[in-house]
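Understanding the architecture of this molecule
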Amino acid sequence: MLTLSIETSCDETAAAVVQDGRKILGNVISSQVAIHAEYGGVVPEIASRKHLEAVIPVISEALSQAGVTLDDIQGIVATKGPGLVGALLVGLSAAKGIAFVRNLPFVGVHHIEGHLLAGFLERSAPFPFLALVVSGGHTHLYRVDGIGRYSQLGQTLDDAAGEAFDKTATLLGLGYPGGMVIDRLAGEGNPGRYSLPRPLLRDGSFNFSFSGLKTAVATLVRREGDGVKEGEPLRDLCASFQAAVTEVLVAKTAAALADQGISRLVVAGGVASNSGLRAGMAGLSRRSGVELFIPSPLLCTDNAAMIAVAGDFYLENGMTDDLTLDAVATWPLPMVTRQRWNL
Ligand code: KG4
Ligand code: ZN
């Protein structure tokens, strides 16, 4: 089946044309990041308006990249949530409009479901697997028994990992969103120079907490002065921060794998493109024999191809949504399992 998928949950307007939920034929992402950078974060109302301007051109570009027209498309997929409702509504409405006029089957997909299946566009992970989703809004551990079959094992109790990267980058004067900048500077720094906390490392749960880590960096900056915001100290601080986040993520993931007796691991979401985390997870895989699946960096951050994986599966199995489907700001992933499979 050839699907057209649309994703507008945050600040990227994205559309993709995917064959059988596995092969990307067209994948277009229009980022608003430069617009929101001025405000130090995503401004929801601006995001909605920019999606409205970009959504049709982005869809057209995805179709032409794939060398197809709407006549060739057999199913329509869109992100239903979670995310900014005004932003989601733009992509969802465009998708429903196309499905209506073309009389095509339509389905709404969970954004996180998209992230954790994104790697299937390169190499499918056999079920069951453990998934760590680390993005701007999520730091969650799930057990995945099939498409649409998700159980949550743990989550962040405060900031998401990406949020911690972005807030720390802002307080170090590195701009927004600064996860990638910290990653780059950390690569040239000494992670042993500053001792930072490893929150909840040994609490026995599969939950995370990152707000204290950001506060620890703020306290260090106050104590040491603005000198730590430049040159070698800055690189060392970025490396120390990244090492702290990585150590907690790797340790909790290792514990969850052991608890579930699972030997396959998917790491997904924007922060999965972080080189320190990728190296840390590769180390875990080497030590434990767990098979590791991390998508290429371009498929880790928000895109529309990723939601086509689950979307194609649902459409092929007749699990469509009708055109009254609404966008949702919050939507725990395990609810998908109840809605799709009645489990
Ligand atoms: O998955 P994503 O694109 O959007 C959400 O669904 O949130 O994730 C965006 C997050 C941002 O917080 C961004 O700073 C972070 O992922 N991020 C990174 C890196 N690339 C993106 N964080 C650390 N290192 C990176 N290389
Ligand atoms: Zn995302």
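As shown above, the structure is provided for reference.
Attention here is on the structure that accompanies the text. (Residues numbered from 1 in each chain as written. Chains lettered and ligands numbered in written order. Predicted model: local features only at pLDDT ≥ 70, side-chain atom pairs only at ≥ 80, totals over all residues. Heavy atoms only, no water.)

Among the 19 residues in the neighbourhood of ligand 1, the closest are listed as Gly136, Asp166, Asp183, Gly270 and Asn274. Contacts to ligand 1 include Gly179, whose backbone N or O atom sits 3.3 Å from a nitrogen atom. Within the contact set of ligand 1, an oxygen atom lies 3.1 Å away from a backbone nitrogen or oxygen of Asp302. Considered on its own, ligand 1 offers 550 Å² of accessible surface; in the complex 89% of this is hidden by protein. Looking at the shell around ligand 1, the elements with two or more residues in it are α4 (111–117), α5 (161–171) and α6 (179–186). Residue contributions to the shell around ligand 1 reach at least three from each of two domains, namely domain 1 (2–117 + 299–341) and domain 2 (127–294). (Near = heavy atom within 4 Å. Polar contact = N/O pair within 3.5 Å; in protein donor to acceptor, adjacent residues only side chain to side chain. Areas by Shrake-Rupley, 256 points an atom, 1.4 Å probe, with all protein chains shown as cover. Helix = DSSP H or I, 4+ residues; strand = E, 2+ residues; numbered from the N terminus. Domains from an automatic or database assignment.)

The sheet built from five strands is open, its strands ordered β3-β2-β1-β4-β5 with mixed pairing. The open sheet is flanked by β3 (23–31) and β5 (106–110), the only strands paired with a single partner. When the angles between neighbouring strand axes are averaged without regard to direction, this sheet yields 20°. With respect to the sheet, helix α2 (residues 44–66) is in contact with β1 (2–7), β2 (12–19) and β3, its orientation differing from that of β2 by roughly 25°. Sitting on the sheet, helix α11 (residues 305–316) is in contact with β1, β2, β3, β4 (75–81) and β5, with an inclination near 130° to β1. (Pairing = 2+ DSSP bridges. Axes fitted to C-alpha atoms, helices over the stretch in contact; angles between N-to-C directions. Contact = heavy atoms within 4.5 Å.)

The next subject is helix α12 (residues 334–341). Restricting attention to buried positions, one finds in α12 the residues Pro334, Val336, Thr337 and Arg340. For α12, the buried positions fall inside an angular range of 140° around the axis, keeping them on one side. Asn342 sits one or two residues past α12 and shows a positive phi near 55°. (Buried < 20%, exposed > 50% of the residue type's maximum accessible area, 1.4 Å probe, protein only. Arc of directions from axis to C-beta.)

No statement about biological role is implied by the geometric values presented.
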